[in-house]
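Reading the structure
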Amino acid sequence: MEQITIALPSPAAGTTRSLSYLRFGQQGQGPKAYIQASLHADELPGMLVAHHLRTALTQLEQQGQLLGEVVLVPAANPVGLAQTLLGTSQGRFDLRTGQNFNRMFHNLSQDVWQRVQGQLGQDAQTNQQLIRAAIRASLADSQRDLAAADELAAQRLALMRLAADADVVLDLHCDCESLLHMYAGTPLWDRVAPLAGLLGAHVALLETESGDDPFDEACSRIWWDIAALAGEQFPIPLACVAVTIELRGFIDVDHATAAKDAAAILDYLRLQGMLAGELSQPVPPACEPTPLAGCMPVAAPAAGLVVYLRELGSTVRAGEPIIDLIDPVSGSVQQLLAPVDGYYFARENRRYVGPGTRLSKVAGKVALRSGPLLSA
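Source: prediction; values computed, not measured.

1. Quick word on the layout of surface pockets
Of the pockets and cavities examined, the largest pocket occupies roughly 980 Å³. Lining of the largest pocket is provided by 49 residues; of these, Arg92, Asp175, Lys361, Ser375 and Ala376 occupy positions nearest its centre. Elements represented by at least two residues in the lining of the largest pocket include exactly β6 (88-89), β9 (181-185), β10 (203-207), α7 (215-230), β11 (241-246), β13 (295-299), β18 (342-347) and β20 (358-363). The computed volume of the second largest pocket comes to approximately 430 Å³. Lining the second largest pocket are 25 residues, with Gln27, Lys32, Arg161, Leu162 and Asp165 sitting closest to its centre. Sorting the residues of the lining of the second largest pocket by element identifies β1 (2-7), β2 (18-24), β4 (69-73), α4 (124-144) and α5 (151-163) as the ones contributing at least two each. Element by element, the count of residues in the lining of the second largest pocket is highest for α5, at 5 residues.

Take a look at the structure:
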């Protein structure tokens, strides 16, 4: 194992931060996996999973079972980790810019296409190598353009440079209160399904363009974008399987759960030819995927006390009451209804909220939304 530190630009005189990552195996030797935790710095279950992965990967490397390269970033957002307000972590939004830490990553599709379109041929493996080289070159050019950039932009670029040439990218997050679920590109589902089964995901939300360039999509969509630009003339593989894994809720931070999740991730890396050895479990069947555009939020129309009427994991029907929103002063009660038939899998953890707060998510089977599909 090698631990490497990347210095970030100073945000203020006398202050510096750095991004640290671990490399297992040899750079450029065999297939590559990239795993990061807590890009939203207040989402901590992934940080504990990364701790368990660190221990396991160290042992596997010593035992000679590592067949490729694994890059592990245990705390992917040092900027966000340092930001608190009145004792509460503000790890989702940068306090200086207001930007979501998991948005506005580099959309490289057009730039890489311009670099490779005159070089592509009939061999898919050669095309993959050309595209990966162009990705590295595009990000290197971006690095040169960042001479006067702020630390948030530098952090985004550093993470992209570590991940963008990987075969597998796993971005570990959590929701407020939720069952384990994941986000991935629609074209990747066949390769993501075993991971969903191993982790016991209840919901898999698929889309080709969710909006606002989250990290996983910035890594993977370049391949189906270029395949679409190339048409049938050149074979373009889907060479990066990138997934955002939502590891339940904020408070689901315990060793037993994290160890189980880490074991499932290691089994997935074995399936991808990155680790030797037998799987710790047979691969369970995956949940049925649903479109991200069919995931319908339920928002609070006014301020009030929140009382949930259905438990997570319930199958609900459109129009069924799932929340009581109570005005504690007037005593009025508004019942908020399930927006669609679907699976109730995530909800807000606060029990008093302001107007507009997204309180719950129901995964429906029909794509009903358009435009940016992710929450703020």
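2. Thoughts on the side chain of Asp267
Looking at the secondary structure, you find Asp267 in helix α8 (residues 255-271). Residue classification places Asp267 among the buried residues on the basis of a relative accessible area of 0%. Not counting residues within four places of it along the chain, the set of residues in contact with Asp267 comprises Leu198, Glu278, Leu279, Ser280 and Gln281.

3. Describing the nonpolar core
Formed by 47 residues in total, the largest nonpolar core has its most connected members in Ile35, Leu53, Met182, Val243 and Ile245. When neighbours within four sequence positions are excluded, Ile245 is seen to be in contact with Leu170, Asp171, Leu172, His173, Leu180, His181, Met182, Leu195 and Leu199. Listed in part, the 39 residues of the second largest apolar core include Tyr21, Trp113, Ala163 and Val169.

4. Focus: the sheet that holds strand β19 (residues 352-353)
Note on sheets: strands pair through backbone hydrogen bonds, and any given pair is parallel or antiparallel. Reading across from one edge, β17-β16-β14-β19 is the order of the 4 strands in this open sheet, with antiparallel pairing throughout. Each edge of the sheet is formed by a strand with only one pairing partner; in this case those strands are β17 (333-337) and β19. Here strand β16 (residues 321-326) runs beside β17; their pairing, made up of 5 bridges, is antiparallel. Of the residues in β17, the one forming a bridge with Asp324 is Gln335.

5. A few points about the sheet that holds strand β12 (residues 290-291)
One open sheet accounts for 9 strands, arranged β1-β2-β4-β3-β7-β11-β9-β10-β12; its pairing is mixed. Either end of the sheet is taken by a strand with one partner, and the two such strands are β1 and β12. Each of β1, β2, β3 (32-37), β4 and β7 (168-173) touches helix α1 (residues 45-62); the most contacted strand, β2, lies at about 35° to it. Across the sheet, α8 lies against β3, β4, β7 and β11, angled at about 170° from β7, the strand it touches most.

6. Re the environment of Gly342
Mapped onto the elements of the fold, Gly342 is located in strand β18. Sequence separation between Gly342 and Cys295 is 47 residues; the distance between their C-alpha atoms is 8.6 Å. In contact with Gly342, not counting residues within four places along its chain, are Ser314, Thr315, Val316, Val362, Ala363 and Gly364.

7. Digging into the packing of helix α3 (residues 109-116) against α7
Taken N-terminus to C-terminus, the directions of α3 and α7 make an angle of 50°; their axes are 9 Å apart at the nearest point. The orientation of α3 with respect to α7, classified from their angle, is oblique. By crossing handedness, the relation of α3 to α7 is classed as right-handed. For the pair α3 and α7, contact is made by Ser109, Gln110, Val112 and Trp113 and by Arg221, Ile222, Asp225, Ile226, Leu229 and Ala230, respectively.

8. With respect to α3
Those residues of α3 lying buried are Ser109, Val112, Trp113 and Val116. Down the axis of α3, the buried set is contained in an arc of 105°. They therefore lie on one face. Against α4 and α7 lie the buried residues of α3.

9. Quick look at the packing of aromatic side chains
Within the structure shown, the criterion is met by 2 aromatic pairs. Judged by centre distance (5.9 Å) and plane angle (40°), the ring pair of Tyr34 and Phe215 falls under tilted. Placement of Tyr34 in strand β3 and of Phe215 in helix α7 is noted, with a sequence separation of 181 residues between them. Like Phe215, Tyr34 is buried. Taking the centre distance of 5.1 Å and the plane angle of 75° together, the rings of Phe105 and Phe215 count as edge-to-face. Taken as a pair, Phe105 in the loop between β6 and α3 and Phe215 in helix α7 lie far apart in primary sequence, 110 residues in all. On the basis of relative accessibility, which here comes to 3%, the residue Phe105 falls in the buried class. In textbook terms, an aromatic cluster arises when at least three aromatic residues are bridged by ring pairs, as seen for Tyr34, Phe105 and Phe215.

Analysis parameters
Residues numbered from 1 in each chain as written. Predicted model: local features only at pLDDT ≥ 70, side-chain atom pairs only at ≥ 80, totals over all residues. Heavy atoms only, no water. 1 Å grid on protein atoms, 1.4 Å probe; cavity = no way out; pocket = protein on both sides within 12 Å on 5 of 7 lines; lining within 4 Å. Points joined across faces, edges and corners; volume = space filled by probe spheres on them. Helix = DSSP H or I, 4+ residues; strand = E, 2+ residues; numbered from the N terminus. Buried < 20%, exposed > 50% of the residue type's maximum accessible area, 1.4 Å probe, protein only. Contact = heavy atoms within 4.5 Å. Core = buried A, V, L, I, M, F, W, Y, C linked by side-chain atoms within 4.5 Å. Pairing = 2+ DSSP bridges. Axes fitted to C-alpha atoms, helices over the stretch in contact; angles between N-to-C directions. Parallel < 35°, antiparallel > 145°, perpendicular 65-115°, else oblique. Left-handed = near helix turned anticlockwise from the far one by under 90°. Arc of directions from axis to C-beta. Phe/Tyr/Trp six-rings, centres within 6.5 Å; stacked < 30°, edge-to-face > 60°.

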